[in-house]
Amino acid sequence: MKIAVLGTGLMGAPIAANLAAAGHEVRVWNRTRAKAEPLAAEGATVAGTPADAVDGAEVVLTVLNDGVTVTEAMQAAAPSLAHDAVWVQASTVGVEATEDHIALARSLGLEFVDAPVLGSTKPAAEGQLVVLASGAEELRDRVQPVFDVIGSRTMWVGEAGASSKLKLVANSWVLALTAAVGEAVSLAEASGLDPKLFLEAVSGGPLDCAYLQMKGNAIIERSFPPAFTVQNALKDALLVNQAAVRAGIQLDVAQASSARLNRAVTKGHGDEDMAASYYASFG
């Protein structure tokens, strides 16, 4: 297939590389071209503009940071978009932006599949993401070859927009876990305990999980290479809270997570892994 990937950051780059390795004809574009250039060695063609990237593409895959950036990229691509192309929107942009993108796709004459993913840089590199997809049933066979390369499984969850809502539900859980791990480790340290005692105490029991052990040890070792940054986690936390307001409910943990992540950003940890929100515990 001819596939355009718009956005080659922490997630977009390994996704594009895997698609090229699977034999697809891949063109890539990124606002900072230097981040896209290494993909030439992976078999992708680096384009100078979104319009150049999407020219002739059967599938246009957006993997960008936020809704506004996605909209700008697709508007810039508009002159070269094939009218029978499918736009697969994989960025986490929230409910309102997804509705805007559905309308934009309609105005551009494109088919639209909402497809945010669960997973960070490691599963992206390994092609082990979970693809949360929603859209018209007749589009499934057209985009499944893409999803089979980038993910270990695909969940189809209804009409376009449903999967972005599900992604925010999943993110609310990730945010809660991350905040809880950071607070538990910081409380152990501040109490004069070896925080590894906490991880050992819950190990193997009903309170344990792989995420706790992974993020807990990362915090203890002060190792924060960005699988998913604090800044991006803050963006997603704000989207979760916006979705809660829209749904007419109050999410206290999500609000607290936003505050913790914001403090970590102001302390200079925005580009580190989201586990670095641990630093928000300290004055």
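Use the structure listed above.
What you see is a predicted model, and the numbers here were worked out from it, not measured in a lab.

## Describing the overall build of the protein chain
- A count of helical and extended segments in the protein chain gives twelve helices and nine strands.
- Computed over its C-alpha atoms, the radius of gyration of the protein chain comes to 20 Å, within 12% of the 19 Å expected for a compact globule of 283 residues.
- Principal axes of the C-alpha set define a box for the protein chain whose edges measure 60 × 45 × 35 Å.
- Counting all 283 residues of the protein chain, 50% fall into the buried class.
- Considering only contacts in the protein chain between residues 6 or more positions apart, those separated by 24 or more positions represent 64%.

## A word on the nonpolar core
- Within the largest apolar cluster, 34 residues are counted, with the highest numbers of intra-cluster contacts made by Val 5, Leu 19, Val 28, Val 88, Val 113 and Phe 147.
- Every element with two or more residues in this core is listed here: β1 (2-6), α1 (12-21), β2 (25-29), β4 (59-62), β5 (86-89), β8 (129-135) and α7 (140-150).
- Ranked by the residues each element gives to this core, the list is headed by α1, at six residues.
- Once residues lying within four places of it in the same chain are set aside, the contact partners of Leu 19 are Ile 3, Val 5, His 24, Val 26, Leu 61, Val 146, Val 149 and Ile 150.
- Counting 26 residues, the second-largest nonpolar core is a separate cluster that includes Val 95, Leu 175, Tyr 211 and Ala 243.

## Side note on helix α8 (residues 162-190)
- The terminal C-alpha atoms of α8, which comprises 29 residues, lie 42 Å apart, in line with the 42 Å expected from a rise of 1.5 Å per residue.
- Backbone geometry just downstream of α8 places Gly 192 in the positive-phi region, at approximately 85 degrees.

## Describing the environment of Ala 51
- Inspection of the secondary structure assignment puts Ala 51 in helix α3 (residues 50-54).
- Residues Ala 51 and Ala 73, 22 residues apart in the sequence, show an inter-C-alpha distance of 8.7 Å.
- Not counting chain neighbours up to four residues away, the residues in contact with Ala 51 comprise Ala 76, Ala 77 and Ser 80.

## Thoughts on the packing of α8 against helix α12 (residues 252-269)
- Axis separation between α8 and α12 bottoms out at 9 Å; the angle between their running directions is 60 degrees. Accordingly, the angle class assigned to the pair α8 and α12 is oblique. The handedness of the crossing between α8 and α12 is left-handed. Along the contact surface, α8 presents Leu 175, Ala 176, Ala 179, Gly 182 and Glu 183, while α12 presents Val 253, Ser 257, Arg 260 and Leu 261.
- Looking at side-chain class alone, the contact of α8 with α12 contains five nonpolar, two polar and two charged residues.

## Describing the pairing of strand β6 (residues 111-114)
- Taken together, the four bridges between β5 and β6 define a ladder with parallel strand orientation. For Val 88, the partnering residue across the bridge sits in β6 and is Val 113.
- Handedness of the β-α-β unit built from β5, helix α5 (residues 95-108) and β6 comes out right-handed.
- The pairing of β6 with β8 spans two bridges and is classified as antiparallel. Residue pairing across strands places Val 113 opposite Gly 135, the latter belonging to β8.

## Topic: a negative patch on the surface
- On the surface, Glu 25, Glu 58, Asp 84, Glu 111, Glu 137 and Glu 138 cluster together into a patch of negative charge.
- Along the polypeptide, Glu 111 turns up in strand β6.
- For Glu 111, a relative accessible area of 37% puts it in the partly exposed group.

## A closer look at the pattern of salt bridges
- Applying the stated rule across the entire model yields eight salt bridges.
- We note a salt bridge from Arg 260 to Glu 183, for which the minimum N-O separation is 3.4 Å. Of this pair, Arg 260 sits in helix α12 while Glu 183 sits in helix α8; the two residues are 77 residues apart in sequence, bridging distant segments of the chain.
- Between Lys 215 and Asp 273 there is a salt bridge, and its shortest N-O distance comes to 2.8 Å. Residue Lys 215 is located in helix α10 (residues 210-220), and its partner Asp 273 is located in the segment after α12; the two are separated by 58 residues in the primary sequence. For the pair Lys 215 and Asp 273, one class covers both residues: buried.

Analysis parameters
- Residues numbered from 1 in each chain as written.
- Predicted model: local features only at pLDDT ≥ 70, side-chain atom pairs only at ≥ 80, totals over all residues.
- Heavy atoms only, no water.
- Helix = DSSP H or I, 4+ residues; strand = E, 2+ residues; numbered from the N terminus.
- Rg over C-alpha atoms; globule rule 2.2 N^0.38 Å.
- Buried < 20%, exposed > 50% of the residue type's maximum accessible area, 1.4 Å probe, protein only.
- Contact = heavy atoms within 4.5 Å.
- Core = buried A, V, L, I, M, F, W, Y, C linked by side-chain atoms within 4.5 Å.
- Expected span 1.5 Å × (residues − 1).
- Axes fitted to C-alpha atoms, helices over the stretch in contact; angles between N-to-C directions.
- Parallel < 35°, antiparallel > 145°, perpendicular 65-115°, else oblique.
- Left-handed = near helix turned anticlockwise from the far one by under 90°.
- Nonpolar A, V, L, I, M, F, W, Y, C, P; charged D, E, K, R; others polar.
- Pairing = 2+ DSSP bridges.
- Right-handed = clockwise from strand over helix to strand, strands pointing away.
- Patch = residues over 30% accessible without salt bridge, like charges linked within 9 Å, V, L, I, M, F, W, Y side chains within 5 Å.
- Areas by Shrake-Rupley, 256 points an atom, 1.4 Å probe, with all protein chains shown as cover.
- Salt bridge = Lys/Arg side-chain N within 4 Å of Asp/Glu carboxyl O.
- Lys, Arg positive; Asp, Glu negative; His and termini not counted.
- Charge placed at Lys NZ, Arg CZ, Asp CG, Glu CD.

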